Amino acid sequence: MESLLVKESPLLLPLNKEKTVYDGFITVQSPGSNGINDSLNIILHCRLQCCWQLKQLLCGYGHIVKQVRKKQRSVLFQEVALKCRPECRSIPPPQYYSQLIIEMEDLGWDKLVSIDTEFRTLRLRAEDSSGRQHIVTVKLKPKHPVEAPWCSADLPVPLAMTWTPQSSLGHVHTQFLLLLESLAEFWAVLDEIDEKTWVLEPEKPSRADTMRRIAIANNVSIKVEVDTQHPKMLPECCLLGAEHVVTPLRNKLNANMHLWNPDCSILQNLRDVLEIEFPSPATHEKSSFSAECGICYAYRLESAIPDQVCNDPRCGQPFHQACLYEWLRGLPSSRQSFNIVFGECPYCSKPITVKMSTQKP
């Protein structure tokens, strides 16, 4: 037993003749490690060894030293218990932390927004040429910088980073800034829409959103999908509202499409093509365009707003798609053809239709 112990753990030294007390380190092999040692060192027995000057200073504090040693031993075995778990085996070496500090000093500590307690996930700030503030989240791997980190940001395009073992956080930040500049014109187009019109959807646009639903009049709006690569080109447009109001606008859009000028902003082009002026925060209150659903009496149903409108000009009551669908489905007089339900308006009893939602739960 003695020879086997020494053979397996050559860093152990006996402290008595009976060889029952040892001082040193042993290597622990955790279950499921497939024969690969976890390189965990456990101190079985420790003694305070120091010069006589330090011993004189510590005189009278022996009980405190013993408490510290006891606590250290307890913490050590807790760490061993954690490290022996397969999912916790990828703890970075000391060089990882040294490398991280060096990279942050090169990048600048002012770029660091936050870092988690494991020093794995960092949030770095970046400012584009227009003064917009952006955040990139960087999750480092245990073998950083050999392994490429995982990066994410609030962007309308994928965040693809090139990485080599010689790369650093500075390279991530530089590539992120270049990507931000390539999207500057796209964001400028959307910023103008957000500033000069009433945007119904999304309620709180993020930098990743490419769609805007712009109010035109009460229960009438246009949904535009802006291209990130060609933000000033004619976007995909969808007019929403009662058919008697939307049809003339759709006809103008089709007839004037040739007037679209790529050198002008999307907002200016929409004004010219549709021959309208969009309501703005300077001229209208948003409540003018926030008509409640005629069934649930709420404006927002989760993230949806009323986008189904009765086509009778004397009614024009808006409904949520989900509310109107459930209402019509409960009427014995309603009928369904493919994904369209036909029925009567809950307010004026005139014919009304609604498409079944195609969104997956």
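Being a predicted model, the structure only gives us computed values, none of them experimental.

## Description of the layout of surface pockets
As a volume, the largest pocket reaches approximately 1200 Å³. Lining the largest pocket are 34 residues, and of these Lys223, Asp307, Gln308, Gln321 and Lys355 sit closest to its centre. Of all elements in the fold, only β10 (236-240), α7 (243-255), β11 (308-309), α9 (321-329) and β15 (351-355) reach the threshold of two or more residues within the lining of the largest pocket. Of the residues forming the lining of the largest pocket, the biggest block, 4 residues, is contributed by β15. When grouped by side-chain class, the residues that make up the lining of the largest pocket number 15 nonpolar, 9 polar and 10 charged.

## Description of the sheet that holds strand β14 (residues 340-344)
Backbone-to-backbone hydrogen bonds pair the strands of a sheet. The strands run either parallel or antiparallel. Taking strand neighbours across the sheet as the criterion, the 3 strands line up as β13-β14-β15 in an open arrangement whose pairing is antiparallel. A single partner strand is all that each edge strand has here, and the edge strands are β13 (335-337) and β15. On average, each strand axis in the sheet is inclined to that of its neighbour by 25 degrees, with strand direction left out of account. Strand direction decides the pairing type here: β14 and β15, joined by 5 bridges, are antiparallel. Residue pairing in the sheet places Val341 in a bridge with Val354 of β15. α9 rests against β14 and β15 of the sheet, and its axis sits at about 120 degrees to β15.

## Re the pattern of salt bridges
Opposite charge on two side chains lets them pair, provided their charged atoms get close. Summed over all chains, the structure comprises 14 salt bridges. Taking the shortest distance from any N to any O, the salt bridge between Arg207 and Asp191 comes out at 3.0 Å. In this pair, Arg207 sits in the loop between β7 (199-201) and β8 (211-217) while Asp191 sits in helix α6 (residues 184-196), placing the two residues 16 residues apart along the sequence. Assessed through its relative accessible area of 26%, Arg207 is described here as partly exposed.

## Things to note about unusual backbone geometry
Glycine aside, negative phi is the norm for most residues, and most peptide bonds take the trans geometry. His144 connects to Pro145 through a cis peptide bond whose omega is 5 degrees. For Pro145, the position within the fold is in the loop between β5 (133-139) and β6 (150-153). The residue after Glu201, namely Pro202, is reached through a cis peptide bond having omega -10 degrees. Among the structural elements, Pro202 can be located in the loop between β7 and β8. Phi is positive for Phe119, which is not a glycine, with a value near 60 degrees. Inspection of the secondary structure puts Phe119 in the loop between β3 (112-115) and β4 (121-127). Under the relative-accessibility criterion, Phe119 is labelled partly exposed at 40%.

Definitions and cut-offs
- Residues numbered from 1 in each chain as written.
- Predicted model: local features only at pLDDT ≥ 70, side-chain atom pairs only at ≥ 80, totals over all residues.
- Heavy atoms only, no water.
- 1 Å grid on protein atoms, 1.4 Å probe; cavity = no way out; pocket = protein on both sides within 12 Å on 5 of 7 lines; lining within 4 Å.
- Points joined across faces, edges and corners; volume = space filled by probe spheres on them.
- Helix = DSSP H or I, 4+ residues; strand = E, 2+ residues; numbered from the N terminus.
- Nonpolar A, V, L, I, M, F, W, Y, C, P; charged D, E, K, R; others polar.
- Pairing = 2+ DSSP bridges.
- Axes fitted to C-alpha atoms, helices over the stretch in contact; angles between N-to-C directions.
- Contact = heavy atoms within 4.5 Å.
- Salt bridge = Lys/Arg side-chain N within 4 Å of Asp/Glu carboxyl O.
- Buried < 20%, exposed > 50% of the residue type's maximum accessible area, 1.4 Å probe, protein only.

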